[in-house]
Amino acid sequence: MSSILLFDLFGVIARHQCAEGRERLTREAGVAPTSFWEAYWALRPDYDRGDVDGPGYWSRVAHALGTRFDAGTTARLVARDVASWSAVDDRMVDLIDELAAAGRRIALLSNIPEELAVHYERHQPWLARFEVRAFSCRIGHAKPEPDAYRWCLSALGAEPGDVLFVDDRQENVDAARALGMRGRLFTGAAALVAAPGLR
């Protein structure tokens, strides 16, 4: 039986946060970049998990930085954050289309906040190719939490050994393997296409 392919989104199909977008965020926030990014990432898991919405997340970031963002600044930070994560790898999008056309079972597991998930659903029609779209903000679990992977297995009606998980972060691959999935660290589209069991 062919493996069910479970893909990460950012760093695999979508690109990591762009440098220009990062600069726009820090400029909008008006704080030192080092402090900004410490707060941004430290508070991100609750946002990704859906425990807090965009305005709530930025309020927490502001508090951690000892400042306050008004409503207009907060709205711009939400929008600029979404824009900074919006680029995709066209080669990987093509691969997703090819796999779906060939009848492969494909699914998605992404750490992603609600505002960004909505943006992708509106602007990236290839998301419809995935049998299951496990967005952390909607399933209440974020990688590498074991329950994020268990949620996917349940939604797919699959055993761990039926799934090949692809992610660009080793800790996420290791967490999948710990549950019995097969895992592959993503290093680029060309290497993935050549990987055994992909096609």
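Scoring rules and cut-offs
Residue indices follow the written sequence of each chain, beginning from 1 at its first position. For a predicted model such as this one, the threshold for reporting local features is a pLDDT of at least 70, and the threshold for listing and counting side-chain atom pairs is 80 or more; totals across whole chains, interfaces and linings nevertheless cover every residue. Side-chain measures were taken over the full set of non-hydrogen atoms in the model, leaving aside hydrogen atoms and water. Axis definition: a line fitted to C-alpha atoms, over the contacting stretch in the case of helices. Angles run 0 to 180 degrees between N-to-C directions. What counts as a helix is a DSSP run of H or I of at least four residues, what counts as a strand is a run of E of at least two, and both are numbered from the N terminus. Here the angle decides the label: under 35 degrees means roughly parallel, over 145 means roughly antiparallel, 65 to 115 means roughly perpendicular, and every other value means oblique. For this analysis, residues touch if any pair of their heavy atoms sits within 4.5 Å. Each residue is assigned to one class: nonpolar for Ala, Val, Leu, Ile, Met, Phe, Trp, Tyr, Cys and Pro, charged for Asp, Glu, Lys and Arg, and polar for all the others, Gly among them. By definition, a salt bridge exists where a carboxyl oxygen of Asp or Glu is found within 4 Å of a side-chain nitrogen of Lys or Arg. Only protein chains enter the accessibility calculation, which uses a 1.4 Å probe; a residue is then buried when its area is under 20% of its type maximum, exposed when over 50%, and partly exposed in between. When DSSP finds two or more bridges between a pair of strands, those strands are recorded as paired. Each pair of aromatic rings taken from Phe, Tyr and Trp, with Trp reduced to its six-membered ring, is defined by centres within 6.5 Å and is described as stacked if the planes are under 30 degrees apart, edge-to-face if over 60, and tilted in the remaining cases. Any Lys NZ or Arg CZ found within 6 Å of a ring centre and within 35 degrees of that ring's normal is scored as a charge over the ring.

*Asks:* Which residues make up the packing of helix 4 (residues 54–65) against helix 5 (residues 71–84), and what values go with them?
*Replies:* Running from amino to carboxyl end, helix 4 crosses helix 5 at an angle of 105 degrees, the nearest separation of the two axes being 9 Å. In terms of orientation, helix 4 and helix 5 fall into the roughly perpendicular class. Residues G54, P55 and W58 of helix 4 lie in contact with helix 5, whose contacting residues are T74, L77, V78 and D81. Each residue belonging to the contact of helix 4 with helix 5 can be placed in one class, and the counts come to four nonpolar, two polar and one charged.

*Asks:* Any chance you could break down the pattern of salt bridges for me, citing the residues and the numbers?
*Replies:* Oppositely charged side chains are able to pair whenever their charged atoms sit close together. Applying the stated criterion across every chain yields a total of 21 salt bridges. With its nearest N and O atoms 2.8 Å apart, the salt bridge here joins R80 to E28. Residue R80 is found in helix 5, and its partner E28 is found in helix 1 (residues 19–29); the two are separated by 52 residues along the sequence. Residue R80 is classed as partly exposed on the basis of its relative accessible area, which comes to 30%.

*Asks:* I'd like a description of the sheet that holds strand 5 (residues 182–185), backed by residues and values.
*Replies:* Ordered in space as 3-2-1-4-5, the five strands form an open sheet in which the pairing is parallel. Edge positions in the sheet fall to strand 3 (132–135) and strand 5, since each of these pairs with one other strand and no more. Here the average twist between neighbouring strands, direction ignored, is 20 degrees. The pairing of strand 4 (residues 163–167) with strand 5 spans four bridges and is classified as parallel.

*Asks:* Give me the lowdown on the packing of aromatic side chains, citing residues and values where you can.
*Replies:* The relation between two aromatic rings is expressed through the spacing of the ring centres and the mutual angle of the planes. Counting across every chain of the model gives 16 aromatic pairs. Pairing Y40 with Y57 gives two aromatic rings, centres 6.0 Å apart and planes at 80 degrees, and the pair type is edge-to-face. Here the residue Y40 occupies a position in helix 2 (residues 33–42), and Y57 occupies one in helix 4, the gap between them amounting to 17 residues. It is R22 that lies over the ring of W37; its NZ or CZ is 4.0 Å from the centre.

*Asks:* Hey, could you go over the packing of helix 1 against helix 2 for me, with residue numbers and the actual values?
*Replies:* Interhelical geometry of helix 1 versus helix 2 gives an angle of 105 degrees and a closest axis separation of 10 Å. The orientation of helix 1 relative to helix 2 falls into the category roughly perpendicular. Contacts between helix 1 and helix 2 involve R22, L25, T26 and A29 on the former and, on the latter, P33, F36, W37, Y40 and W41. Classifying every residue of the contact of helix 1 with helix 2 by side-chain character gives seven nonpolar, one polar and one charged.

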